[in-house]
Amino acid sequence: MLYKSMLSQARQVSSCSLALPLSRDDWRRSLRRRRNMWLEMLGLFPLPERRPLRATCTGALARDGYVVEKIHFQCIPGAYVPGNLYRPAVAAGRLPAVLYLCGHSRGKVNPPYQAHPRWFAQHGYIALVLDPIQLGEAQGVHGGTHANGRWDWFSRGYTPAGTEVWNAMRALDYLESRPDVDGSRMGVTGLSGGGAMSWFLGAADERVKCVVPVCQTGSIEQHVLDRTIDGHCDCAFWINYYRWCTPDVGALIAPRPLLIASGTEDVIWRPYAFRDVFHRIRRQYAELGSEGLVELVEDVSPHGYTPKLRKAIFEWFNLHLKGDAQPVADDVTDYVEPDKNLLVFKGRPPRRDSMRAIDTLLVKKAAPPPVNTRARWEAYRRKATSAMRSLTFRHVSQDASGLTAEFRRDGLSNACGELSSIIFKAPDGVTLRARLHRRAGCRAPLLAFALPENIRTGHFGTGCPPVGGAMNTASIEVRNTAATSVGPGYLWTLRRSYALVGQTLPERQIQDLLAGIEAARRQIPAAKISLYGEGRTAVLAIYAAILNPGISEVVLANPPDSHQSPEAPDLMGILRIGDLPWNLALLWPRPITFIGKMPPAYRWTEKLYLKLGSGGAFRRLSSMQEWKPRGLKG
């Protein structure tokens, strides 16, 4: 069920991507806005400060007709980017430059990644090849959600693609600073992960005049349909707040020369996807009067280079960076430079390299807001809530009406009162269930809660907190619980796939919780609706209440203290707005109750309530049996 829903979302994204080309005027008028959106999805808006590169050459290799310089620079202070620069041994004047970006291998020492910059240097170019982070001599981490359980990257709004693009932008800065480089004639290319970065850099930086991604062109729909996302680390994707697909990225490269090189037997970049992407982008180029500046070259080959692809690539650069339309006759050579000769740091990378913490340095976490007066807090609350709706929860429907598909009376119980079930549909079509326990009449308060993912659902009352007194309850089976639960074989893929369409699994669960509350409210028109959550579901309750002002109170047991915690649900870009303690405070002056021990981080929230004169609305109780909704007597 969730795979089918996920695929429907991915098809929406890809089918709408540049479905019609922008007119010349619309393309021009929207260019800056679209580029800022793209930079934001890379975690690069606004761009980091361009601090001194501190570029250093640690040695050079003189070879037959070319020279290899071993260089490094700092993309931000203390974060090292190593690379090799290939240049002609003898050259007059400023030359065109090609930035070569590597895929997931051994970096710049890998034989194919030596061969291409060497060809360029032997044919009158300056070529700089960089190590990707975590590979070669570069430090840092590439596979956050892929291999290291770093779901907080989604909450940070961080993708290693942003780091790679920033490193490449600083590489362009370095190339521009060289007296042998013509900064008006710079291009980018790369294979596999380097192909993705070629797309991304070309869209981010107009200094790139010629773009050639190799074996890394596809669509969001393809990654979800074929589950090829499983074969990609995090750098292959952006944080898709705005639900873009590759044609939208290509529209930012237009009308600069773009050659897409692909293999028809590539198992993770299929022809049906890269051909569709090409045709959509080609229409945009045609609308701009530049149809001849975008081409697709393909060969019957797996993931990697072929002579046919290389010939087309070299001719494309010659034509658009040199003005040379002559056919290319010679291919790359078989010579392989020993690894040790190309090492920038001689096997001893810097011990204090900030690249190890680049995920926390490139995309800044929001600081706790200053609080002095009610007026200032109210202004901050409006701003932060608006930011959540436009960023983290931009795809959460504000209209939860018309969702009930079926209502069933399930009998009476001396312990629980009247029992019933509501079958309802979430706004994206997933069918879910809410189980109602009507204990004390229609007008009694309603306590709603999301069912935890690890709870079995064999009978009524499962997962319900042990409330005391007369109260109605609604257990809402959000996705990945009960009948929609998925096993470990697909859950990892599902969580990563949601990010491709600008969502996360917890964000969808919050949408489900809101829809379930609306479905329950229609059957139990309670004067007050409170939300309960424990552990991970406490976070769902917090944000559902922020999005629904009709929630009168939030009751929390053992919530995580930060979205940086591995136990915390991931919500797209939420740490750019605020962390859990001050996001919880956005509920002010609505009541907040903690059950059991309150994590120390939430002292901040309690102090804010006291400072704003609402200390009585912030409670701590030892158990749920002590709890009653605010204002309820007895």
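Above this text is the structure in question.
Reference entry: report on the structure contained in this document.

Procedures and definitions
- Residues numbered from 1 in each chain as written.
- Predicted model: local features only at pLDDT ≥ 70, side-chain atom pairs only at ≥ 80, totals over all residues.
- Heavy atoms only, no water.
- Salt bridge = Lys/Arg side-chain N within 4 Å of Asp/Glu carboxyl O.
- Helix = DSSP H or I, 4+ residues; strand = E, 2+ residues; numbered from the N terminus.
- Buried < 20%, exposed > 50% of the residue type's maximum accessible area, 1.4 Å probe, protein only.
- Polar contact = N/O pair within 3.5 Å; in protein donor to acceptor, adjacent residues only side chain to side chain.
- Contact = heavy atoms within 4.5 Å.
- Pairing = 2+ DSSP bridges.
- Axes fitted to C-alpha atoms, helices over the stretch in contact; angles between N-to-C directions.
- Core = buried A, V, L, I, M, F, W, Y, C linked by side-chain atoms within 4.5 Å.
- Arc of directions from axis to C-beta.
- Phe/Tyr/Trp six-rings, centres within 6.5 Å; stacked < 30°, edge-to-face > 60°.
- Lys NZ or Arg CZ within 6 Å of the ring centre and 35° of its normal.

## Points about the pattern of salt bridges
Here is step 1 of the chain: Per the counting criterion, the structure on display carries 39 salt bridges.
Here is step 2 of the chain: Between Arg280 and Asp276 there is a salt bridge, and its shortest N-O distance comes to 2.9 Å. Note that Arg280 and Asp276 are positioned in helix α10 (residues 271-287) at a spacing of four residues, about one turn of the helix.
Here is step 3 of the chain: Taking relative accessible area as the criterion, Arg280 reaches 17% and is therefore assigned buried.
Here is step 4 of the chain: In this structure, the salt-bridge partner of Arg438 is Glu418, at a minimum N-O distance of 3.3 Å. With Arg438 in strand β12 (residues 431-438) and Glu418 in strand β11 (residues 417-425), the pair connects residues that are 20 residues apart, well separated along the chain.
Here is step 5 of the chain: On the accessibility criterion, Arg438 (15% relative accessible area) is buried.
Here is step 6 of the chain: Look at Glu418 and you get partly exposed, because its relative accessible area is 23%.
Here is step 7 of the chain: Each of Arg50, Arg170, Asp173, Glu176, Asp205 and Arg207 takes part in a single network of salt bridges with overlapping partners.

## Here we look at the side chain of Asp205
Here is step 1 of the chain: Take Asp205: it is sitting in the loop between α7 (193-204) and β7 (208-214).
Here is step 2 of the chain: At 2.8 Å, the side chain of Asp205 forms a polar contact with the side chain of Arg207.
Here is step 3 of the chain: When residues no more than four places from it in sequence are discounted, the contact partners of Asp205 are Arg50, Met169, Leu172 and Arg256.

## Digging into the sheet that holds strand β10 (residues 404-413)
Here is step 1 of the chain: Pairing in this open sheet of nine strands is mixed, and the strands run β10-β11-β12-β14-β13-β15-β16-β17-β18 from one edge to the other. Each edge of the open sheet is held by one strand with a lone partner, namely β10 and β18 (618-621). In this sheet, adjacent strand axes meet at a mean angle of 20 degrees when their direction is disregarded.
Here is step 2 of the chain: Where β11 meets β12, eight bridges bridge the pair, whose relative direction is antiparallel. Across the sheet, Lys425 pairs through a bridge with Thr431, a residue of β12.
Here is step 3 of the chain: The sheet strands contacting helix α17 (residues 536-547) are β13 (446-450), β15 (529-534) and β16 (553-557), and the helix crosses β15 at an angle near 150 degrees.
Here is step 4 of the chain: Packing of helix α19 (residues 603-611) onto the sheet brings it into contact with β17 (592-595) and β18, and relative to β18 it is tilted by some 135 degrees.

## So, the nonpolar core
Here is step 1 of the chain: In terms of nonpolar packing, the biggest core is built from 157 residues, with Trp38, Leu99, Phe200 and Tyr543 touching the most fellow members.
Here is step 2 of the chain: No other element matches the ten residues that α17 contributes to this core.
Here is step 3 of the chain: Ignoring any residue separated from it by four or fewer positions in sequence, one finds Leu99 in contact with Leu128, Leu130, Ala168, Ala171, Leu172, Gly187, Val188, Thr189 and Leu201.
Here is step 4 of the chain: If you look at the next biggest cluster of nonpolar residues, it comprises 34 residues, including Tyr305, Leu309, Phe317 and Leu321.

## A look at α19
Here is step 1 of the chain: For α19, every residue scored as buried is listed here: Thr605, Glu606, Leu608 and Tyr609. All buried residues of α19 project into a common sector of 160 degrees when viewed along the axis, lining one side. Projecting away from the buried face of α19 at angles above 90 degrees are the exposed residues Leu610 and Lys611.
Here is step 2 of the chain: Next to the buried residues of α19 lie α14 (374-390), α18 (580-584), β17 and β18.
Here is step 3 of the chain: One or two positions beyond α19, positive phi appears at Gly613, with a value near 80 degrees.

## Regarding the environment of Asn480
Here is step 1 of the chain: Position of Asn480 relative to the elements: it lies in the loop between β14 (472-477) and α15 (488-500).
Here is step 2 of the chain: Among the residues examined, Asn480 registers a relative accessible area of 2% and is labelled buried.
Here is step 3 of the chain: Residues contacting Asn480, with those up to four places away along its chain left out, are Leu2, Glu453, Ser485, Val486, Leu491, Leu505 and Gln509.
Here is step 4 of the chain: A distance of 3.4 Å separates the side chain of Asn480 from the side chain of Glu453, its partner in a polar contact.

## So, unusual backbone geometry
Here is step 1 of the chain: Here Ala254 and Pro255 are connected by a cis peptide whose omega angle stands at 0 degrees.
Here is step 2 of the chain: With respect to the secondary-structure elements, Pro255 resides in the loop between α9 (246-253) and β8 (258-263).
Here is step 3 of the chain: Cis geometry is adopted by the peptide bond preceding Pro589, which originates at Trp588 and carries an omega value of 5 degrees.
Here is step 4 of the chain: Relative to the elements of secondary structure, Pro589 occurs in the loop between α18 and β17.
Here is step 5 of the chain: Positive phi values are uncommon outside glycine, yet Ala482 reaches one of about 50 degrees.
Here is step 6 of the chain: Mapping Ala482 onto the fold places it in the loop between β14 and α15.

## Regarding the environment of Gly573
Here is step 1 of the chain: With respect to the helices and strands, Gly573 occurs in the loop between β16 and α18.
Here is step 2 of the chain: Gly573 gets classed as buried once you look at its relative accessible area, which sits at 0%.
Here is step 3 of the chain: Between the C-alpha atoms of Gly573 and Gly157, which are 416 residues apart in sequence, the distance is 4.2 Å.
Here is step 4 of the chain: Setting aside residues no more than four positions away along its own chain, Gly573 makes contact with Phe154, Ser155, Arg156, Gly157, Tyr241, Leu391 and Thr392.

## Some remarks on the packing of aromatic side chains
Here is step 1 of the chain: Per the stated rule, a full pass over the model turns up 24 aromatic pairs.
Here is step 2 of the chain: Ring centres 6.1 Å apart and planes at 55 degrees place the aromatic pair Trp377 and Trp604 in the tilted group. Here Trp377 is found in helix α14, whereas its partner Trp604 is found in helix α19, with 227 residues between them in sequence.
Here is step 3 of the chain: Residue classification places Trp377 among the buried positions, given a relative accessible area of 0%.
Here is step 4 of the chain: Of the aromatic side chains, those joined through ring pairs into one cluster are Trp119, Phe120, Tyr125, Phe314 and Phe317.
Here is step 5 of the chain: Of note, Arg227 hangs over the ring of Tyr3, and the distance from its end group to the ring centre comes to 5.8 Å.

## Observations concerning the pairing of strand β3 (residues 79-88)
Here is step 1 of the chain: Of all ten residues in β3, nine are buried; the element is thus mostly enclosed.
Here is step 2 of the chain: Of the strand pairs in this sheet, strand β2 (residues 66-76) and β3 are connected by ten bridges, and their pairing is antiparallel. Each bridged residue has a counterpart across the sheet, and for Tyr66 the counterpart in β3 is Pro88.
Here is step 3 of the chain: Once β2 ends, the chain turns through two residues before running back antiparallel as β3, passing Gly78 with a positive phi of about 85 degrees.

## Some thoughts on the side chain of Arg35
Here is step 1 of the chain: Among the structural elements, Arg35 can be located in helix α2 (residues 24-41).
Here is step 2 of the chain: Residues within four places of Arg35 in sequence aside, it is in contact with Ala203, Ala204, Glu206, Leu252 and Arg256.

This is a description of form; function is not addressed.
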